[in-house]
Amino acid sequence: MNPADVSTAERARAAGPCLTCAGVSLLLVGSVVASFVYLGIDFAAMLSGESMRLMGKFIAEFFHPDLSAPFVAKAAWATLQTLAVSALGTLLAVAAGGVLALPASGRFGSALRQAARLLLNVLRSVPELVWAALMVLAVGLGPFAGVLALALHTTGVLGRLYAETLENAPPDPERALSDAGSSALPAFVYGSLPLIVPQCVAYALYRWEMNIRMAAVLGFVGAGGLGQMLYFHLSIFQQAQAATVLLAMLLLVFVVDILSSRFRRGLAPAYA
Amino acid sequence: MNGALAPTPLRDPQARRRATGLLIGVVVLWPMLVLAEFRPAALFESGNLQVMKGFLASFMPPSTSADFLGLLLQATLQTLAIATAGIALSFLLAVPLALAVTHALSVSRIGPGRGRWWGEGVRVVVRMVMALLRAVPEVVWALVFVRALGLGPGAGVLALAITYGGMLGKVYAEILESGDTRPARALLEAGSGRLAALFYGLVPGAAQELASYTVYRWECAVRASVVMGFVGAGGLGQLMDQSMKMLNGGEASTILLMFLLLVMLADLLSAALRRLLG
């Protein structure tokens, strides 16, 4: 292995065409083209004068939101409901995720660890909207279905995060307590819990923020809140009312964004 | 000695604070429970229980009839195509937005000159447009487009293009700014055009990160296009919505399995592509 050989070989490789790059680019362009062909969307019809006019009319109607007092009150009520759904869903998930995180962090043997991890993975990989569609079947239409759907998905997410936090926490304080004769529960509560609580609260707040956004959407399958209102008014082509609901959603998202970025400064590690 | 240490009663020094916290918690929680119509009993009402039991019982075995599998395959391909086409369109939307907004290509920032305030104004406006595109979740856009254009994958593609266009635009601009901007600056100072400065000064350093983020977004788009199907934007989600409305548990469980498989494959593919680029 002579250094000169390496450099010649490298030079040759650098000068020649990059086959991998060419192959990947070709594959990417090919799959994009294939996608458009497979979908067969008629963009010409979509962009034709007639449909552009209809679309324009549809959009123009959104610029006259219904701001009459009773309707705004109704939208405000739905916003509060959305907030309540997201808060309760997150709260339930914190409790359930905390309980599942104990076996998932390997405290009760590896068999239970595998089982808990599998359960958490299944809960997490089904999207909220699918859970909501299932929960609407289980408890009927209404915000409670949304609470359960958010709780189920978020349990999967938080349970896994909590289990990881628990695994990463230093074991010494708890060991010291149990070596000094404390039984298992007090040793955990006074030894490990104080170490992980700040991180767990940060994760919960972060998920709550995401769940507020999600709760606004869950109504599409009948789980109450702003989403259900939007779905209803769009279904009967009341764009003015739908525009008000959209405005309420935007407002909610922006307020949550601002508040969370204020909050986040103190909680940086959870977002790493 | 034991006389001096009379057993003092154990008191929690924080008792009052804890009690106040608990009280506030209950006062806040109660209206929330009412607002969210929190009725755990509904889970065990005989009617609901019957429906759910029947539905869950029909989950096993998953439906494997040939017609249904054909439909499933079509829907899966459609979901993938929606994600890919949506990302392609959002890329087209994001690139000009990112170029307009990034400070790394700003000529007026190099030194005092005309057009500084004008350029800054354009940036603020474009930034706001991107925030607006991102603020509405893609499912909401999908619902609006389904109402405007009718059922079908077109609504999903447009919804993805808009939301992800805003997201990609913002992230591209940030990636371009966070890398080494000195080559581009040198080119601009020497009088090169903005596009030349982009391609020769910025892209070589940032290409890997840009591509990797785009692939990651494609993976998210696959998940999002399944969800958008629930409001009628085609693909697996729409099929699942239909099966659920007909309480056909066998079909629903096959679709769920397919969905999990698809998400896993998208994960693997995106990880492999990113490794290839890395």
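Residues numbered from 1 in each chain as written. Chains lettered and ligands numbered in written order. Predicted model: local features only at pLDDT ≥ 70, side-chain atom pairs only at ≥ 80, totals over all residues.

Peer 1: Looking at this structure, I do not really get the interface of chain A and chain B. What am I missing?
Peer 2: One widely used convention gives an interface's size as the accessible area the parts lose upon coming together. Counting from both sides, the interface comprises 43 residues of chain A and, opposite them, 43 residues of chain B. Listing elements by their share of the side of chain A that touches chain B, those giving two or more residues are α2 (19-39), α4 (49-62), α5 (69-104), α7 (128-139), α8 (143-168), α10 (184-218), α11 (225-235) and α12 (239-264) of chain A. With seven residues, α2(A) is the largest single contributor of residues to the side of chain A that touches chain B. Tallied by class, the residues present in the side of chain A that touches chain B amount to 36 nonpolar, six polar and one charged. (Contact = placed C-beta atoms within 7 Å. Helix = DSSP H or I, 4+ residues; strand = E, 2+ residues; numbered from the N terminus. Nonpolar A, V, L, I, M, F, W, Y, C, P; charged D, E, K, R; others polar.)

Peer 1: Before we go on, may I ask you to explain the packing of α5(A) against helix α6 (residues 110-125) of chain A in this structure?
Peer 2: Packed helix pairs are specified by the crossing angle of their axes together with the interaxial distance, meaning the distance between the axes. Residues and elements named next belong to chain A. It is the contact of α5 with α6, at a shortest axis distance of 7 Å, that shows an interaxial angle of 140 degrees. Comparing their axes, α6 and α5 come out oblique. Here Leu100, Pro103 and Ala104 of α5 lie close against α6, whose contacting residues are Leu112, Arg113, Ala116, Arg117, Leu119 and Leu120. Class assignment of the residues belonging to the contact of α5 with α6 gives a composition of seven nonpolar, no polar and two charged. (Axes fitted to C-alpha atoms, helices over the stretch in contact; angles between N-to-C directions. Parallel < 35°, antiparallel > 145°, perpendicular 65-115°, else oblique.)

Peer 1: I'm lost on the domain arrangement of chain A in this one. Help?
Peer 2: One can read the domain layout of chain A as domain 1 (18-47) and domain 2 (68-271). Just the C-alpha atoms count here: the centres of domain 1 of chain A and domain 2 of chain A sit 38 Å apart. (Domains from an automatic or database assignment.)

Peer 1: Where do I start with the confidence of the model for chain A in this structure?
Peer 2: Detail in the predicted coordinates should be disregarded across regions flagged by low pLDDT. All names here are of chain A. Across chain A, the average pLDDT comes to 84, with 91% of residues at 70 or higher. Element-level mean pLDDT values for chain A span from 62 in helix α1 (residues 3-15) up to 93 in α8. In the model, residues 268-272 has pLDDT below 50 throughout and makes seven contacts with residues more than four positions away in sequence or in other chains. (pLDDT = per-residue confidence, 0-100.)

Peer 1: So what exactly am I meant to see when it comes to α6(A) here?
Peer 2: Residue pairs spaced three or four apart in an α-helix point in one direction, given the helix's 3.6 residues per turn. With 16 residues, α6(A) ought to run about 22 Å at 1.5 Å a step, and its terminal C-alpha atoms sit 22 Å apart, in line with that. Against α5 and α8 of chain A lie the buried residues of α6(A). (Expected span 1.5 Å × (residues − 1).)

Peer 1: Just checking my understanding: could you explain the environment of B:Ala272 for this structure?
Peer 2: Residue and element names in this part refer to chain B. Mapped onto the elements, alanine 272 comes out in helix α10 (residues 249-277). Note on alanine 272: 11 C-beta atoms within 10 Å, which makes it exposed. Sequence separation between alanine 272 and arginine 18 is 254 residues; the distance between their C-alpha atoms is 52 Å. (Buried ≥ 20, exposed ≤ 12 C-beta atoms within 10 Å, placed from the backbone.)

Peer 1: Hey, could you run me through the nonpolar core in this one?
Peer 2: By size, the foremost hydrophobic cluster in this structure holds 137 residues, and its most contacted members are A:Ala132, A:Met135, A:Ala149, A:Leu218, B:Ala142, B:Leu143 and B:Ala159. Setting aside chain neighbours within four positions, we find B:Ala142 in contact with B:Ala155, B:Gly156, B:Ala159, B:Met228, B:Val231 and B:Ala233. (Core = buried A, V, L, I, M, F, W, Y, C linked by C-beta atoms within 7 Å.)

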